[in-house]
Amino acid sequence: MSRLHITKTPKCYVGGAFIRSESGRVAELHDASGAFFANIPQCTRKDLRNAVEAAAKAGPSWAKRTAFNRGQILYRMAEMIEARGVELADSITLSGVSKAEASREVAAAIERVVHFAGWADKYEQVLGSVNPVASAHFNFTVTEPMGIVGILAPDDAPVLGLLSLILPAITSGNSVVALASTTQPYPSILLGEMLATSDLPGGVVNLLTGVRSELIPTFATHEHLRALSGVANEDERKALRLGAAESVKRVHLRKAEEPIDWLADKMQGAEEIRALIEFKTTWHPVGA
């Protein structure tokens, strides 16, 4: 008996829910052979502002969780990606990437999540310090999350690249609004489904799809975004830095014109976390 094929309706992941763009716009996604695959939502500036609101609601409680608990949740995220790893690799092959290369990217992405899960309760000891002072006080430098971080994903490595940008931010207690790859948006749709079944609270990570040129001005100037991280071309970097200067946010961008080895060890660890945290100095009298 034949049955009707159920075509998937991709949706973005915002505030722990799956949404279509408020504009109703979509863009056709075709596989490497040119065959139609799905309609991808084209998010607007209003969708971006809504995602920032969702991140603002989720951020304080996420930041207050213990570092150990954040590590547990990140490990659970890796479990959920592992369970659907084959499907995620298949989504990467839509662009023409070989099955072996896609599987390698997914395996590296899972390992990267586990790596940052391990850093969750350790980066403070590495990045914080006890400072010598000429008085009867202890002086400590401690880390604090920045707040909401805007992420611009690369077009290559749509899973590993995206997660490599998200993980340093959320490991240290920030929340995230991320714009997926323009050319390969579907893997981020699947990633959102996996985040929804993990223990990560809704709103900590918000994933949007859409046209970069339409959304970058809002990423640059939105005052509730406290930092920007990602991959951008020369014109995008200029627009982001000018907007960031007006709204006084930190900018941590890589050049789209230069090859990026997302598998490299330098893409993970305490230095990546350092770029997306703030430092606070505290004084305590000796004996207090």
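Residues numbered from 1 in each chain as written. Predicted model: local features only at pLDDT ≥ 70, side-chain atom pairs only at ≥ 80, totals over all residues. Heavy atoms only, no water.

Draft legend 1. View of the overall build of the protein. Across its full length, the protein carries 10 helices and 12 strands. On C-alpha atoms alone, the protein measures out to a radius of gyration of 20 Å, which is about the 19 Å that the 2.2 N^0.38 rule sets for 288 residues. If one aligns the C-alpha atoms of the protein with their principal axes, the spans along those axes are about 80 × 40 × 35 Å. In the protein, which comprises 288 residues, the share counted as buried stands at 50%. In the protein, of all internal contacts separated by at least 6 residues, the share reaching a separation of at least 24 is 74%. (Helix = DSSP H or I, 4+ residues; strand = E, 2+ residues; numbered from the N terminus. Rg over C-alpha atoms; globule rule 2.2 N^0.38 Å. Buried < 20%, exposed > 50% of the residue type's maximum accessible area, 1.4 Å probe, protein only. Contact = heavy atoms within 4.5 Å.)

Draft legend 2. Spatial organisation of the nonpolar core. Among the nonpolar cores identified, the biggest contains 62 residues, and Ile81, Ile166, Ile170 and Leu207 are the most heavily contacted of them. Counting residues per element, this core draws most heavily on helix H4 (residues 99-119), which supplies nine residues. Contacts of Ile81, omitting those with residues within four sequence positions, involve Leu88, Ile110, Val113, Leu163, Leu191 and Met194. The next biggest cluster of nonpolar side chains, apart from the first, holds 22 residues, and it includes Leu152, Leu179, Leu208 and Leu215. (Core = buried A, V, L, I, M, F, W, Y, C linked by side-chain atoms within 4.5 Å.)

Draft legend 3. Geometry of the packing of helix H1 (residues 45-64) against helix H8 (residues 212-221). Where H1 contacts H8, the axes come no closer than 9 Å and their chain directions differ by 40°. One way to sum up the angle between H1 and H8 is to call them oblique. Here H1 runs over H8; the crossing is right-handed. Listed contacts from H8 to Arg45, Leu48 and Arg49 of H1 are Glu214, Leu215, Thr218 and Phe219. Its residues assigned to classes, the contact of H1 with H8 comprises three nonpolar, one polar and three charged. (Axes fitted to C-alpha atoms, helices over the stretch in contact; angles between N-to-C directions. Parallel < 35°, antiparallel > 145°, perpendicular 65-115°, else oblique. Left-handed = near helix turned anticlockwise from the far one by under 90°. Nonpolar A, V, L, I, M, F, W, Y, C, P; charged D, E, K, R; others polar.)

Draft legend 4. Local environment of H4. For H4, which comprises 21 residues, the first-to-last C-alpha distance of 31 Å matches the rise-based estimate of 30 Å (1.5 Å per residue) to within 8%. When H4 is considered as a whole, its buried residues turn out to be Ala102, Glu105, Val106, Ala108, Ala109, Ile110, Arg112, Val113, Phe116, Ala117 and Trp119. Among the structural elements, helix H2 (67-83), helix H3 (85-92), helix H5 (123-127), helix H6 (160-171) and helix H10 (270-274) are those in contact with the buried residues of H4. (Expected span 1.5 Å × (residues − 1).)

Draft legend 5. Examining the side chain of Ser164 more closely. Residue placement: Ser164 occurs in helix H6. In this structure Ser164 comes out as buried when scored by relative accessible area, which is 2%. Polar side-chain contacts of Ser164 include one of 2.9 Å to the side chain of Arg112. (Polar contact = N/O pair within 3.5 Å; in protein donor to acceptor, adjacent residues only side chain to side chain.)

Draft legend 6. Here's a closer look at the pattern of salt bridges. Here the structure, examined in full by the defined rule, presents 13 salt bridges. Notably, a salt bridge pairs Glu214 with Arg25, separated by 2.8 Å at the nearest N-O pair. In this pair, Glu214 sits in helix H8 while Arg25 sits in the loop between strand S2 (17-19) and strand S3 (26-30), placing the two residues 189 residues apart along the sequence. The exposure class assigned to Glu214 is partly exposed, which follows from its relative accessible area of 33%. (Salt bridge = Lys/Arg side-chain N within 4 Å of Asp/Glu carboxyl O.)

Draft legend 7. Spatial organisation of the packing of H2 against H4. Between H2 and H4, whose axes approach to 8 Å, the crossing angle comes to 170°. With respect to H4, the element H2 is oriented roughly antiparallel. In contact with Gly71, Leu74, Tyr75, Met77, Ala78, Ile81 and Glu82 of H2, H4 contributes Ile110, Val113, Val114, Phe116 and Ala117. Looking at the contact of H2 with H4, its residues break down into 10 nonpolar, one polar and one charged.

Draft legend 8. Layout of the pairing of strand S9 (residues 205-208). The two faces of S9 match: Val205 and Leu207 on one face and Asn206 and Leu208 on the other face are all buried. Strand direction decides the pairing type here: strand S8 (residues 175-179) and S9, joined by four bridges, are parallel. Across the sheet, Val176 pairs through a bridge with Val205, a residue of S9. In this fold, S8 hands off to helix H7 (residues 186-196), which returns the chain to S9; that crossover is right-handed. (Pairing = 2+ DSSP bridges. Right-handed = clockwise from strand over helix to strand, strands pointing away.)

Draft legend 9. Looking closely at the sheet that holds strand S6 (residues 137-145). Judged by pairing direction, the sheet is antiparallel, and its three strands sit side by side in the order S5-S6-S12 without closing on themselves. The two strands at the open ends of the sheet, each matched to only one other strand, are strand S5 (129-131) and strand S12 (277-285). Each strand axis lies, on average, 30° off the axis of its neighbour in the sheet, ignoring direction. Bridge analysis of S5 against S6 gives three bridges, and the strand direction is antiparallel. Within the sheet, the bridge partner assigned to Val130 lies in S6 and is Phe140.

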